[in-house]
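# Summary of the model geometry
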Amino acid sequence: MDILKERLLKEASVLNSDVLKVDSLLNHGVDPQLTMEMGREFARRFAGVAITKVITVESSGIPVAFATALELGVPLVFARRKKTLLGEPDAYMERVPSFTKGIVTDLIVSRHLLQPEDTVLFIDDIIANGDAARGLIRIVEQSGARLAGIGIVLEKSFQAGGRTLRELGYRLESLVKIKSLDNNEITFAE
Ligand code: 5GP
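Bear in mind the structure is a predicted one, so any value in this text is a computation, not a measurement.

Procedures and definitions
- Residues numbered from 1 in each chain as written.
- Predicted model: local features only at pLDDT ≥ 70, side-chain atom pairs only at ≥ 80, totals over all residues.
- Heavy atoms only, no water.
- Helix = DSSP H or I, 4+ residues; strand = E, 2+ residues; numbered from the N terminus.
- Buried < 20%, exposed > 50% of the residue type's maximum accessible area, 1.4 Å probe, protein only.
- Near = heavy atom within 4 Å.
- Polar contact = N/O pair within 3.5 Å; in protein donor to acceptor, adjacent residues only side chain to side chain.
- Areas by Shrake-Rupley, 256 points an atom, 1.4 Å probe, with all protein chains shown as cover.
- Nonpolar A, V, L, I, M, F, W, Y, C, P; charged D, E, K, R; others polar.
- UniProt positions renumbered as here; feature names shortened; annotations may be inferred.
- Contact = heavy atoms within 4.5 Å.

### Quick word on unusual backbone geometry
The linkage connecting E58 with the following residue, S59, adopts the cis geometry, with an omega of 0°. Here S59 lies in the loop between β3 (53-57) and α4 (62-72). One non-glycine residue, N183, lies in the positive phi region at around 55°. With respect to the secondary-structure elements, N183 resides in the loop between β9 (172-180) and β10 (187-188). A relative accessible area of 72% places N183 in the exposed class.

### Some remarks on the site of the ligand
The full set close to the ligand counts 16 residues, and L20, D125, N129, G130 and K156 are the nearest of them. Between the ligand and D124 there is a distance of 3.4 Å, counted from an oxygen atom to a side-chain nitrogen or oxygen. Note that an oxygen atom of the ligand is positioned 2.8 Å from one of the backbone N or O atoms of A128. In isolation the ligand exposes 500 Å². Once the protein is present, 90% of that is buried. Broken down by secondary-structure element, the contributors of at least two residues to the shell around the ligand are β7 (119-127) and α5 (131-143). By residue number, the principal contributor to the shell around the ligand is β7, which donates four residues. Looking at the shell around the ligand residue by residue, the class counts come to seven nonpolar, four polar and five charged.

### Side note on the UniProt feature "binding site: 5-phospho-alpha-D-ribose 1-diphosphate" (unreviewed entry) in the protein chain
Look at the UniProt record and you will see "binding site: 5-phospho-alpha-D-ribose 1-diphosphate" (unreviewed entry) annotated at A128, N129, G130, D131 and A132. In this fold, N129 is placed in the loop between β7 and α5. Along the chain, A132 falls in helix α5. Judged by its relative accessible area of 17%, A132 is buried. Not counting residues within four places of it along the chain, the set of residues in contact with A132 comprises R81, L107 and D124.

Set out below in structure tokens:
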């Protein structure tokens, strides 16, 4: 998505060779028009798959997942992220490390929001090591629903998450791939 690449070059800042700060577009602020365009692009790429639900993780995944769900005409579910010692019997729960916060949190989805008849599209903002995605995939699989694919706005392809999930056979589509953040510079993969 060229428009997204242009906006990243203008607005994102490289924190270090592993982390990009994308506050104005993904992690703190939202551009509704650009977000709707991302949603349309995901809906276009997954057209032809009979998706019944979009799922994401709070909070940064929600705007683009909402835009995708609106385009597809299906409901959105977002996993809540909590640090908790208590189990929730009515919910699926998976413990995952947080890439940016350096802590472990639990992803939680109420059982009644995911059904075995569902075909689910997982949408998220950024993939790094893939821990959040793997946690969410385990939740979808526990529910008996089918995972149709994964849509990621920004794939940092120098980290292993996207590659590992594709090797496991999941269909992962990213809007923009970043192959390096070295020398304080964003280098796109293609
Ligand atoms: P993963 O679980 O794939 O290692 O990391 C995914 C999550 O960590 C994303 O949902 C995103 O919120 C956050 N994250 C990973 N890398 C970055 C980054 O470079 N910048 C920002 N702002 N967040 C990131």
